[in-house]
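Now for the letters of each chain:
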Amino acid sequence: MHGDKTDEKTPEEQKHLMKQAEHRDHHTGMLEDFKRRFVISVILSIPVLVLSAHIQAFFGFELTFPGDEIAVFVLSSVIYFYGGYPFLTGFFNELRTKTPGMMTLIAVAITVAYIYSSAVIFGLEGEVFFWELVTLIDIMLLGHWLEMRSVMGASRALEELVRIMPSVAHLVKDDKVVDVQVEELKVGDSVLVKPGEKVPVDGVVTRGGSSVNEAMLTGESLPVQKKAGDTVIGGSVNGEGSIEAEVRKTGKDTYLSQVIDLVESAQGSRSRTQDLANRAALVLTVIALSVGILTLAAWLYFGSTFVFALERAVTVMVIACPHALGLAIPLVVAVSTSLAANSGLLIRDRQAFERARDLQAIIFDKTGTLTEGKFGVTDIVPLADMNREDILRLTASLESNSGHPIAVGITDSARQKGLDIKSPESFNSIPGKGVEGVVEGRKLKVVSPGYLRETGISIGDESVGNVEKQGKTVVFLLEEERPLGALGLADLVRRESREAIDRLKSMDIKCMMLTGDNEFVARWVSEELGLDEYFAGVLPHQKAEKVKEVQQKYIVAMVGDGVNDAPALVQANVGIAIGAGTDVAIESADIVLVKNDPRNVADIAVLARKTYSKMFQNLLWATGYNAFAIPLAAGVLYTSGIFLTPAAGAFLMSISTVIVAINAKTLRM
């Protein structure tokens, strides 16, 4: 019994799994049902075809026996009621909900064919076409089976997300490791994650270090190095080292649960294009039934036999089935939502995502979005005969004992360059001015411009003035009061930001920045990235107004991560929140980026355009195909020897459906 317990899931996961399992079992059952009905109907159709006078004449053979017509009637009846059952029940469901669609068309077509042929068998003058009836049902069943396979293939992403969570965690308590169920963990508990295991919940590393594979969750292809103080996500896979982590979120609060909720709500949200497709399907249904009746009347009026006129009418109704149209949008939506989630783009509002294809301008928040939100060295100006790396190394060594943001920024920049930072031999703080100490036997100081003014030390280098004009923080390295170099520090621009801006501008999208920082800093960041425009000194309550101002000229997306960005995210045509930002910003957004990577904004625009393109192609194929096929089925080219039988119409309609399904799948490419 204890062994079975390790396979349990948290209550939230059980709920998601049950919901997904019910959904999957329902579709799997329907899929198997269609497959079974198709196989049995095809087997029963073979003798019907062999005994058909049309088939015998076409292949040049003759096979008759007493009661052969009754045998064909019985087999056709079984196929009509058994193979046609899904379409007949679907017809009544559509009537009950007052939404006539493809099931109505199929049911009317096969019922008219069956009743008329049965009447002929029992004495009515005319010609049976049971073979057309059975092949029509066979092809319809095949088309539905293929479509359902496509739909099921596109909807498995959520189930896979739920299943990646482990059920057991190693709880560290009183220096002992105890295996417990994940749902028993509480915020503040400490868990051990061994090499190769999955992280059980969201937390922060407290001991150890390792690389963690977060690809399934964030789309980050390379393993991410984790050390004490770094966050880990439940469901990610630990690499080569053991780590201990403090539990920060459990159950519904975990990242993975939130992702699942977001994806579920996105799949459930309405699509404008889908609404258009549904309206088109309804119109097509009315047209098909009307044209079918008119076709019957017209051929009878021009002197054709009732059998021929009826065949034309049946073919019109079969070939006009809006099956492909009904599948055109849902399949693309399913594929694009799955693609987006796997790439770390969480769509909360489908209509906003569709609007993203028309974006003309994107406004970025600066701090934490285009920049890293932390100090770093951007400029090094030598003021003596020293190279830049030595200036940075000596400054970082002296500052390595300080926790001041400037000191941390300098030491981090030196470490990123792989410089050898040594602890100072002595260290003192100069209150409000800087620090001093001995490094490698040299008496050094790192001071502010204020210290230089007070001591009368003059710096005549124009480069230092240019750095100060950019609004950057400048500090000086001195040796025995002699300037060795100056370092400019600023909120570092993300490397990814440059690529993101370049990609967006290549798509003819204007790139702008909104910041509360001063004019000098804003101009520097704008010039670094090649932005089209920037707005500096904007107070939090003014951000939404600025977005509204830009909206007078463009369709606008806003990208931000802070509480003060929330009103602007709501105001924008498309609100995009950085996933690592605040809950308020995420709740206000239409789309959430899992990673702090501005390049994903360009991914959204690309995916939105490609998704719309696939939707449009599918709608065009489904409606255009019907516009071409209906007149042909009605017999407008009959005098030229061109007309479609009901079976040929059914085959072409199914081909149309399969093409739509395949086209939706190509979105993954």
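Source: prediction; values computed, not measured.

Participant: Please clarify how helix α4 (residues 68-83) should be interpreted in this entry.
Facilitator: For an α-helix the count is 3.6 residues per turn, leaving residues at separations of three or four pointing the same way. The terminal C-alpha atoms of α4, which comprises 16 residues, lie 21 Å apart, in line with the 22 Å expected from a rise of 1.5 Å per residue. Three or more residues of α4 are buried, namely Asp68, Val72, Phe73, Ser76, Ser77, Ile79, Tyr80 and Gly83.

Participant: Looking at this structure, how should I read the side chain of Asp597?
Facilitator: Among the secondary structure elements, Asp597 is positioned in the loop between β22 (591-593) and α25 (599-634). Given a relative accessible area of 8%, Asp597 falls into the buried group. Here Arg599 takes part through its side chain, which lies 2.8 Å from a polar atom of the side chain of Asp597.

Participant: Could you clarify how one ought to interpret the pattern of salt bridges in this entry?
Facilitator: Charged atoms that come close allow side chains of opposite charge to pair. In this structure the tally under the stated criterion is 24 salt bridges. A salt bridge links Glu246 to Arg248; the shortest N-O distance between them is 3.5 Å. The closest approach of N and O atoms between Glu499 and Arg599, which form a salt bridge, is 3.3 Å. On the criterion of sequence distance, the pair formed by Glu499 in helix α20 (residues 495-506) and Arg599 in helix α25 is long-range, its members being 100 residues apart. What makes Glu499 partly exposed here is its relative accessible area of 37%.

Participant: For this particular structure, what's the right way to read the packing of helix α16 (residues 388-399) against helix α17 (residues 405-416)?
Facilitator: Geometrically, a packed helix pair is captured by the angle between its two axes and the distance between the axes. The contact between α16 and α17 brings their axes to 9 Å, and the two run at 130°. Between α16 and α17, the crossing angle belongs to the class labelled oblique. Remark: the crossing between α16 and α17 carries left-handed chirality. Contacts between α16 and α17 pair Leu392, Thr395, Ala396 and Glu399 from the former with Ala407, Ile410, Thr411, Ser413 and Ala414 from the latter. Residues of the contact of α16 with α17, tallied by class, amount to 5 nonpolar, 3 polar and 1 charged.

Participant: It is not clear to me how a nonpolar patch on the surface should be interpreted in this structure. Could you clarify?
Facilitator: Nonpolar side chains collect at one region of the surface, where Ile46, Val50, Phe58, Phe59, Phe61 and Leu63 lie side by side and expose about 600 Å² of accessible area between them. Taken together, the elements giving at least two residues each to the nonpolar patch come down to α2 (11-50) and α3 (53-59).

Participant: Mind showing me how you'd approach the pairing of strand β18 (residues 510-514) here?
Facilitator: A regular strand places its side chains on the two faces of the sheet in alternate fashion. With respect to burial, β18 is a largely interior element, 4 of its 5 residues being buried. Pairing geometry for strand β11 (residues 361-365) and β18, over 5 bridges, is parallel. Bridge pairing in β18 places Ala361 opposite Lys510. When β18 meets strand β19 (residues 533-535), the two strands line up parallel, connected through 3 bridges. Paired with Met513 across the strands is Tyr534, a residue of β19. One crossover worth recording links β18 to the parallel β19 by way of helix α21 (residues 519-529), and it is right-handed.

Participant: Whenever I open this one, the sheet that holds strand β17 (residues 482-493) confuses me. Can you help?
Facilitator: Think of a sheet as strands paired side by side through backbone hydrogen bonds, with each pair either parallel or antiparallel. With antiparallel pairing, 6 strands are arranged side by side in an open sheet as β12-β17-β16-β15-β14-β13. Across the chains shown, the open sheet's two edge strands, defined by having one partner strand only, are β12 (371-382) and β13 (426-430). Each adjacent strand pair in this sheet contributes to an overall mean axis angle of 20°, direction not counted. As paired elements, strand β16 (residues 473-479) and β17 share 7 bridges and run antiparallel to each other. The residue of β17 that forms the bridge with Phe476 is Ala486.

Participant: Sorry if this is basic, but what is going on with the sheet that holds strand β8 (residues 237-238) here?
Facilitator: Spatially, 3 strands are ordered β6-β5-β8 in an open sheet, and the strand pairing comes out antiparallel. The sheet is open, and its two edges are formed by β6 (224-226) and β8, each paired on a single side. Note: strand β5 (residues 210-213) against β8, 2 bridges, orientation antiparallel. Opposite Asn213, over in β8, you have Val237 as the bridge partner.

Participant: Whenever I open this one, the packing of aromatic side chains confuses me. Can you help?
Facilitator: Aromatic ring pairs are reported here in terms of the distance separating the ring centres and the angle at which the planes meet. As enumerated under the stated definition, the model contains 15 aromatic pairs in all. Both rings, one in Phe73 and one in Tyr114, keep their centres 6.4 Å apart while their planes meet at 15°; by these two values the pair is stacked. Remark: Tyr114 occurs in helix α6 (residues 102-121) and Phe73 occurs in helix α4; sequence separation between them is 41 residues. The same class applies to Phe73 and to Tyr114, which are both buried.

Participant: Which parts of the structure should I look at to understand the pairing of β16?
Facilitator: Of all 7 residues making up β16, 6 are buried, and the element is well covered by its neighbours. The hairpin turn running from β16 into β17, its antiparallel successor, is 2 residues long, and Glu480 in that turn takes a positive phi close to 55°.

What counts, and where the lines are drawn
- Residues numbered from 1 in each chain as written.
- Predicted model: local features only at pLDDT ≥ 70, side-chain atom pairs only at ≥ 80, totals over all residues.
- Heavy atoms only, no water.
- Helix = DSSP H or I, 4+ residues; strand = E, 2+ residues; numbered from the N terminus.
- Expected span 1.5 Å × (residues − 1).
- Buried < 20%, exposed > 50% of the residue type's maximum accessible area, 1.4 Å probe, protein only.
- Polar contact = N/O pair within 3.5 Å; in protein donor to acceptor, adjacent residues only side chain to side chain.
- Salt bridge = Lys/Arg side-chain N within 4 Å of Asp/Glu carboxyl O.
- Axes fitted to C-alpha atoms, helices over the stretch in contact; angles between N-to-C directions.
- Parallel < 35°, antiparallel > 145°, perpendicular 65-115°, else oblique.
- Left-handed = near helix turned anticlockwise from the far one by under 90°.
- Contact = heavy atoms within 4.5 Å.
- Nonpolar A, V, L, I, M, F, W, Y, C, P; charged D, E, K, R; others polar.
- Patch = residues over 30% accessible without salt bridge, like charges linked within 9 Å, V, L, I, M, F, W, Y side chains within 5 Å.
- Areas by Shrake-Rupley, 256 points an atom, 1.4 Å probe, with all protein chains shown as cover.
- Pairing = 2+ DSSP bridges.
- Right-handed = clockwise from strand over helix to strand, strands pointing away.
- Phe/Tyr/Trp six-rings, centres within 6.5 Å; stacked < 30°, edge-to-face > 60°.

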